[in-house]
Amino acid sequence: MAPAPGTTAGAPVRRLTVLYDAECALCTHVRDWLLRQPRLVPLELVPAASEEARRRFPGLDHGATLDEVTAVGDAGQVYRGAAAWVVVLWALRRYRRLAHRLSTPKGAWLARGAVLAAAKWRGGQRQWGGNGYRRADGWVYEPGLGWIYAGPGCADGVCGSER
């Protein structure tokens, strides 16, 4: 659970920002789950590669944050992949003990396996067209409602698919 090289190692984590892929159904599901969890450390969830993420973390490789979950601590600590999942679990009241177990050598092996399984699932969704809700296609995610099609304007009362 060590921060990436070049970050503030040893500084206490008092707040975490989690960068997640807002175009990924699994990622938005996990984001919603995280928002419902009691926390010991405040979490902010920000879409990866968004304008806000780029403004707040100009030194990050934002393309990579779309492929690999990334958590950033308030002192500049950067956690990626399995380490990011472990530190996020550490921030949750109900999962801190699990995070400590996952930070051991054997636990890290399990955490890496879980992250690889999620990545494989995401890859399959992209390859087989299972990621059907894309902002570029006119879909908008509304918390509490899910994905809603906002498509091209229907100013004349007739939408694109009805023409």
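The paragraphs below set out a description of the structure included in this document. Please read these numbers as outputs of a predicted model, since none were measured by experiment.

How each quantity is defined
- Residues numbered from 1 in each chain as written.
- Predicted model: local features only at pLDDT ≥ 70, side-chain atom pairs only at ≥ 80, totals over all residues.
- Heavy atoms only, no water.
- Pairing = 2+ DSSP bridges.
- Helix = DSSP H or I, 4+ residues; strand = E, 2+ residues; numbered from the N terminus.
- Axes fitted to C-alpha atoms, helices over the stretch in contact; angles between N-to-C directions.
- Contact = heavy atoms within 4.5 Å.

**A short note on the sheet that holds strand β4 (residues 78–80)**
Reading across the sheet, the 4 strands line up as β2-β1-β3-β4 and stay open at both edges, with mixed pairing between neighbours. Two strands lie at the open edges of the sheet, namely β2 (43–47) and β4, each paired on one side alone. Taken pair by pair, the neighbouring strands of this sheet meet at an average axis angle of 20 degrees, ignoring direction. Taken together, the 4 bridges between strand β1 (residues 16–20) and strand β3 (residues 70–73) define a ladder with antiparallel strand orientation. By the bridge assignment, Leu16 is partnered in β3 with Gly73. Contacts between helix α1 (residues 25–36) and the sheet are confined to β1 and β2, with β2 contributing the most and set at about 160 degrees to the helix. Along the sheet, helix α4 (residues 82–91) makes contact with β1, β2, β3 and β4, crossing β4 at roughly 115 degrees.

**So, the environment of Leu16**
Mapping Leu16 onto the fold places it in strand β1. Between the alpha carbons of Leu16 and Gly76 there is a distance of 9.6 Å; along the sequence they are 60 residues apart.

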